[in-house]
Amino acid sequence: MATMSVLDGYNGTVMAYGQTGTGKTYTLGRLGEKDTADRGIMVRAMEDILAEISPETDSVSVSYSQLYMETIQDLLDPANDNISIMEDPKTGDVSLPGATHVEIRNQHSFVDLLRLGEAHRFAANTKLNTESSRSHAILMVHVRRSVKGKDLALPSENGNTSNMLKTLKPPIVRKGKLVVVDLAGSERIDKSGSEGHTLEEAKSINLSLSALGKCINALAENSAHVPVRDSKLTRLLRDSFGGTARTSLVVTIGPSSRHRGETASTIMFGQRAMKVENMLKIKEEFDYKSLSRKLDIQLDKLIEENERQQKAFQDEIERITIQAQKHISETERNYADALEKEKLKYQEDYMESLKKLEEQWAKEQQKHGAGKTRIELKDDGLVKTPREESLAVSSVEEVAEVKRLLQEETRLRKSAEEEVSNLRNQLMRWKRSEAAGNSEISKLRKLLEDEAHQKQKLEEEIAELHNQLLQISFEADETRRRLDGGVAGNVPSGLDSLISQVRHSQLRDSGDGEKASMAKLFEQVGLHKILTLLEADDADVRIHAVKVVANLAAEEANQEKIVEAGGLTSLLMLLKTTEDETVHRVAAGAIANLAMNESNQELIMAQEGIRLLSMTAANAEDPQTLRMVAGAIANLCGNDKLQTKLRAEGGIKALLGMVRCRHPDVLAQVARGIANFAKCESRTPSQGNKRSLLIEDGALPWIVQNANSEASPIRRHIELALCHLAQREINAKDMISGGALWELVRISRDCSRDDIRSLAHRTLTSTPTFQAELKRLRIGYG
C-alpha cells in the first residue's frame, strides 16, 4: 500500500522491527537471484514502481545509507562516512543531501546497487545470529511523475480560427518518497554474548531503538512533546510516525520460548505503533521549467516562421515590382519604336510623292514652253488643234495618278492608325496587368502590417514584463536598504543572531508586498526568464535582474531552484565579464547567500569561484562590495573538505588583501573567515602534524594585531581563531614568537564570553610548549 502511494505523490515508509535473528533483513533485502519467490520487499517495491512509470517523463533515484554508532554512512560510497540530516523548516521533510543519489532505469541496475550496499553494511557473529546486522539500513526511493495538462485554444483578434494561439497549462509534477528501513535487531547482552566493540555496537543499537519506542509512546498517548531529537534514527523517521507518510510496519518474532520476553515487547511495540495517526499529504507542484522550455521553443519557431514569411513577402513584392516595371518599360519602348517607324515611313512616302509630282510638273512645263499654240477660227467658233487635245489627255492622266497616290496615302494612313490602335490596346492590357500586380502588392503589404502589429504587441508585453522586473527590483532595493546587517556565515554569534532577528522582523512587517511581487514575477515570467535577463545588453535591466536574483537567493527555499536553473553559473560569469561595481556588489551578495549551503560551496569551488571572488576583491574599492566578497569567502572557509583547494586558489590571501579597506564591516567578515578556517583545521585529524595554512600565508601578525579590537564582532572572531590555532601543538612556537601567547593569556582571564575564556584556559593548560614558555617567563598559570 505504501509503495503504490508513492506513485500518486505521497510519502511512504516500510519498516521492519524485531529481535535479532527473526528475519527482518530476509523480509526486506533478499535479492531473489536464484528464485524470484525469495525476493524481498525492496526488490518487489522497485519492480512495481518501474512498471508504472514512463522513462520519457518520469524519474526514479535511490540512496542507500546505514546508521552506525549514531553516524550516517553512505553504503554506495563508503568514503562518505559522515552525512548530515537536513530538515525543511516549512514542510518538515527530512533528507540526506550528502548521500549518493543514483538514477534507476531498470531492475537489474537496482539489484546491483543493493548488492553493493549490502557488501558495505556492518555485520557481526553473535550467539543469536551468525550475521547480525550492526546498523540500521535506510533505502530512500525518490519518484518524480509528470501529469500533463490539457491544451487551451484562444481565438486571435481577427476571429480567424486558423490563426488560433495555443497555450499550454503547466504540467503537474508529483513527488513521492519511499523509505525502506531495515532496523538492527534489539538484543540482550547476556543472550547475544557481545563483548568489546560488538558490545559498544549493541549499546548504540539499543539506545536508538529505545528512543524510537519513546517517540511511539508519546505519539500514541498524544503527548505534547515528542522527543524526536534524542536520536538520529528518530529524526530520520520523523515523517513516518505522526507525519504525512503512509507507513507499513513489519514486526518479526521468533518461535523460541526462551525469547518470550523479547517477543512480547516486540508485539507491544507494534500495538502502540498502530495507535499513531498520520496525516497524508500529496506533494504536487507545477513543472514551470518544462513549460518554460516548451514556450521558448514555440516562441523561437513563431519568430523564425514570422521572419521567413516576412522575407518571402519582401522577395515576392520585389519580384512583382521588377516584373511590372520591366513590362511597362518594354511596352513603352515598343510603342515609341513603332510610332517612329510609321513616322519615317510616311515621311519617305510623302517626299517620294512630292518628288515625282515635281518631276512630272517640270516635264509638263518644258513641253508647254517649247510648243506654239495655234487657234483656228471657223464659222462656228474656236477649233482645237490635235496638239491641244494631246495636252488635255495628259492632264487627265496626271490627275488620275494624283488621285491614285492620294488613295494609297489614305490607305497607308488608315493602316498606321490601326497599328496605333492595336498598340494602345496592348498598352491598356499591360496597365490592367500592372493594376492587378499593385493589388497583389497591397494585399502583401496588409499582411506585413498585420505581422508588424502582432510583433508590436509582443514587444509591448516584453516591455511590460521588464517594467514589472524593474518595479520588483526597486522594492527589493528598498527592503535591502532597510536591513543593516552582515552576511550570514557558518560561525554562530550573538551579533549574527541579532541581525537575523532584525532582518526577519522587517521582512515580516514590510516584505509582504515584495513577496507578492516575487510570486507574481514567478507566475508571469519564471526564474529561467529572470536569469536570462542577467545577460541583457541594457545595463539597467542587467543591474535590476541581478538585484532580484540576490533577493531571491536570500531565502533558503529559493536557493536550490536558482542553482538548478544555472543561476550560480550566471552570477559567477557576471563577476568575470562585467566591470560595473554595482553588479559586482549585488552578485557577490547573492553568491554569499548561496555559499551558506554545503552542496553549493562545492559547486562554487568547482567553477573557480574563489579565483573570481579574489579578482573582484582586488579591483573593488567600495566597502560594501568588499564586505559581500569577504562574506562569501568566509562561508567557504567553513567547509572542511575545501580547505586545501581554497588556500591553493588564493582564498586566504584574498581575505588578508581586503583588510586594506579598514572598514569595520569588512574586517568583521575577514575575521569570521579566518575563524572558520582555523576551526576546520583544529578538527581535521590529517592536519594535526602540519603547520597551519593561515600561519604559512602570513595571517598571524594581523590576527595578533586585532585580537583586542574595539569592535566586538572583530574581536570575538579573532579570539576564536587564536583559540583554535592554539589547539594544535605544532603551531605553538610560531604563536609564541608572534606574540599570540600574551593574547591567549589575556583571553583566558578577561574575555567577556565564558565559552571562549574556558577554551583559551583549557588550551594553555593542555599544551606543553605553552606551559614551558610560561614557566620560563615565570608566569604562574595552571
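If you're wondering where the values come from, they're calculated on a predicted model, not measured in any experiment.

## Re the overall build of the chain
Consideration 1: Within the chain one finds 30 helices and 16 strands.
Consideration 2: Relative to its 782 residues, the chain shows a buried fraction of 41%.
Consideration 3: Intrachain contacts of the chain at a sequence separation of at least 6 include 73% that bridge at least 24 residues.
Consideration 4: Of the accessible surface of the chain, which amounts to about 43,600 Å², a share of 51% is contributed by carbon and sulfur atoms.

## Remarks on helix α18 (residues 598-606)
Consideration 1: Those residues of α18 that sit buried are Asn 600, Gln 601, Ile 604 and Met 605. Here the buried residues of α18 occupy an arc of 140° about the axis, which is enough to place them on one side.
Consideration 2: Next to the buried residues of α18 lie α15 (556-564), α16 (567-577), α17 (581-594), α19 (609-619), α20 (623-637) and α21 (643-648).
Consideration 3: With its phi angle positive at about 60°, Glu 608 sits one or two positions after the end of α18.

## Points about the pattern of salt bridges
Consideration 1: One pass over the full model with this rule turns up 28 salt bridges.
Consideration 2: For Arg 235, the salt bridge goes to Glu 87, with nearest N and O atoms at 3.2 Å. Of this pair, Arg 235 sits in helix α7 (residues 232-236) while Glu 87 is found in strand β4 (residues 86-87), placing the two residues 148 residues apart along the sequence. Glu 87 carries the same exposure label as Arg 235, and that label is buried.
Consideration 3: Note that Arg 647 and Glu 696 form a salt bridge whose closest N and O atoms lie 3.1 Å from each other. Residue Arg 647 is found in helix α21, and its partner Glu 696 is found in helix α24 (residues 693-696); the two are separated by 49 residues along the sequence.
Consideration 4: Given a relative accessible area of 37%, Glu 696 falls into the partly exposed group.

## Structural notes on the packing of helix α3 (residues 41-52) against helix α4 (residues 107-120)
Packed helices, taken two at a time, are described by their axes: the angle between them and the distance between them.
Consideration 1: For the pair α3 and α4, interaxial distance at closest approach is 10 Å and the crossing angle is 155°. When the axis of α3 is compared with that of α4, the two are roughly antiparallel. Where α3 crosses over α4, the handedness of that crossing is right-handed. Residues Met 42, Val 43, Met 46, Glu 47 and Leu 50 of α3 form the contact with α4, whose own contacting residues are Gln 107, Phe 110 and Leu 114.
Consideration 2: Among the residues making up the contact of α3 with α4, the classes are represented as six nonpolar, one polar and one charged.

## Let's talk about the nonpolar core
Consideration 1: In this structure, Ile 633, Met 658, Val 670, Trp 702 and Leu 722 are the most contacted members of the largest nonpolar core, which totals 93 residues.
Consideration 2: Among all residues touching Ile 633, those that are not within four sequence positions of it are Ile 610, Leu 613, Leu 646, Gly 651, Ala 654, Leu 655 and Met 658.
Consideration 3: Formed by 29 residues, the second largest nonpolar core is a distinct cluster that contains Leu 7, Val 60, Val 62 and Tyr 64.

## A few points about the side chain of Glu 451
Consideration 1: Looking at where Glu 451 falls in the secondary structure, it is placed in helix α10 (residues 386-482).
Consideration 2: Comment: no salt bridge for buried Glu 451; closest opposite-charge side chain is Lys 455, at 9.4 Å.
Consideration 3: Setting aside residues no more than four positions away along its own chain, Glu 451 makes contact with Asn 306, Gln 309 and Gln 310.

## Quick look at the environment of Ala 553
Consideration 1: Counting through the fold element by element, Ala 553 comes out in helix α14 (residues 539-553).
Consideration 2: For Ala 553, a relative accessible area of 0% translates into the label buried.
Consideration 3: Distance in space between the C-alpha atoms of Ala 553 and Leu 594 is 6.4 Å, their sequence separation being 41 residues.
Consideration 4: When neighbours within four sequence positions are excluded, Ala 553 is seen to be in contact with Gln 559, Ile 562, Ala 590, Asn 593 and Leu 594.

## A few points about the environment of Gln 309
Consideration 1: For Gln 309, the location among the structural elements is in helix α9 (residues 288-370).
Consideration 2: Considered as a pair, Gln 309 and Leu 448 are 139 residues apart in the sequence and their alpha carbons are 8.8 Å apart.

## As for the side chain of Arg 542
Consideration 1: As for its position among the elements, Arg 542 is in helix α14.
Consideration 2: Ignoring sequence-local partners within four residues, the contact set of Arg 542 consists of Leu 533, Leu 534, Ala 536, Asp 537, Leu 574 and Thr 578.

## Quick notes on the confidence of the model for the chain
Consideration 1: Residues of the chain with pLDDT of at least 70 account for 81%, and the chain-wide mean is 80.
Consideration 2: A low-confidence stretch, residues 150-166 stays under pLDDT 50, and its non-local contacts, those more than four residues away or across chains, total 18 contacts.
Consideration 3: Note on residues 483-512: pLDDT under 50 across the span, and 42 contacts to partners over four residues away in sequence or across chains.

## Structural notes on the pairing of strand β2 (residues 59-68)
Consideration 1: Most of β2 is tucked away: nine of the ten residues are buried.
Consideration 2: Looking at chain direction, β2 and strand β9 (residues 136-147) are connected through nine bridges and run antiparallel. The residue of β9 that forms the bridge with Gln 66 is Ala 137.
Consideration 3: As defined by bridge partners, β2 adjoins strand β6 (residues 102-103) across two bridges and the pair is classed as antiparallel. Along β6, the bridge assignment pairs Ser 61 with Glu 103.

## Some thoughts on the packing of aromatic side chains
Consideration 1: Applying the stated criterion to the full structure yields one aromatic pair.
Consideration 2: A ring pair is formed by Tyr 17 and Phe 269, whose centres lie 3.8 Å apart and whose planes are at 15°; its orientation type is stacked. With Tyr 17 in strand β1 (residues 12-18) and Phe 269 in helix α8 (residues 260-274), this residue pair connects regions lying 252 residues apart in the sequence. In terms of burial, Tyr 17 and Phe 269 fall into one category: buried.

## Details of a nonpolar patch on the surface
Consideration 1: There is a patch of nonpolar side chains on the surface, built from Tyr 350, Met 351, Leu 354 and Leu 357 and spanning about 370 Å² of accessible area.
Consideration 2: Note that Tyr 350 resides in helix α9.
Consideration 3: Residue classification places Tyr 350 among the partly exposed positions, given a relative accessible area of 48%.

Definitions and limits used
- Residues numbered from 1 in each chain as written.
- Predicted model: local features only at pLDDT ≥ 70, side-chain atom pairs only at ≥ 80, totals over all residues.
- Heavy atoms only, no water.
- Helix = DSSP H or I, 4+ residues; strand = E, 2+ residues; numbered from the N terminus.
- Buried < 20%, exposed > 50% of the residue type's maximum accessible area, 1.4 Å probe, protein only.
- Contact = heavy atoms within 4.5 Å.
- Areas by Shrake-Rupley, 256 points an atom, 1.4 Å probe, with all protein chains shown as cover.
- Arc of directions from axis to C-beta.
- Salt bridge = Lys/Arg side-chain N within 4 Å of Asp/Glu carboxyl O.
- Axes fitted to C-alpha atoms, helices over the stretch in contact; angles between N-to-C directions.
- Parallel < 35°, antiparallel > 145°, perpendicular 65-115°, else oblique.
- Left-handed = near helix turned anticlockwise from the far one by under 90°.
- Nonpolar A, V, L, I, M, F, W, Y, C, P; charged D, E, K, R; others polar.
- Core = buried A, V, L, I, M, F, W, Y, C linked by side-chain atoms within 4.5 Å.
- Lys, Arg positive; Asp, Glu negative; His and termini not counted.
- pLDDT = per-residue confidence, 0-100.
- Pairing = 2+ DSSP bridges.
- Phe/Tyr/Trp six-rings, centres within 6.5 Å; stacked < 30°, edge-to-face > 60°.
- Patch = residues over 30% accessible without salt bridge, like charges linked within 9 Å, V, L, I, M, F, W, Y side chains within 5 Å.

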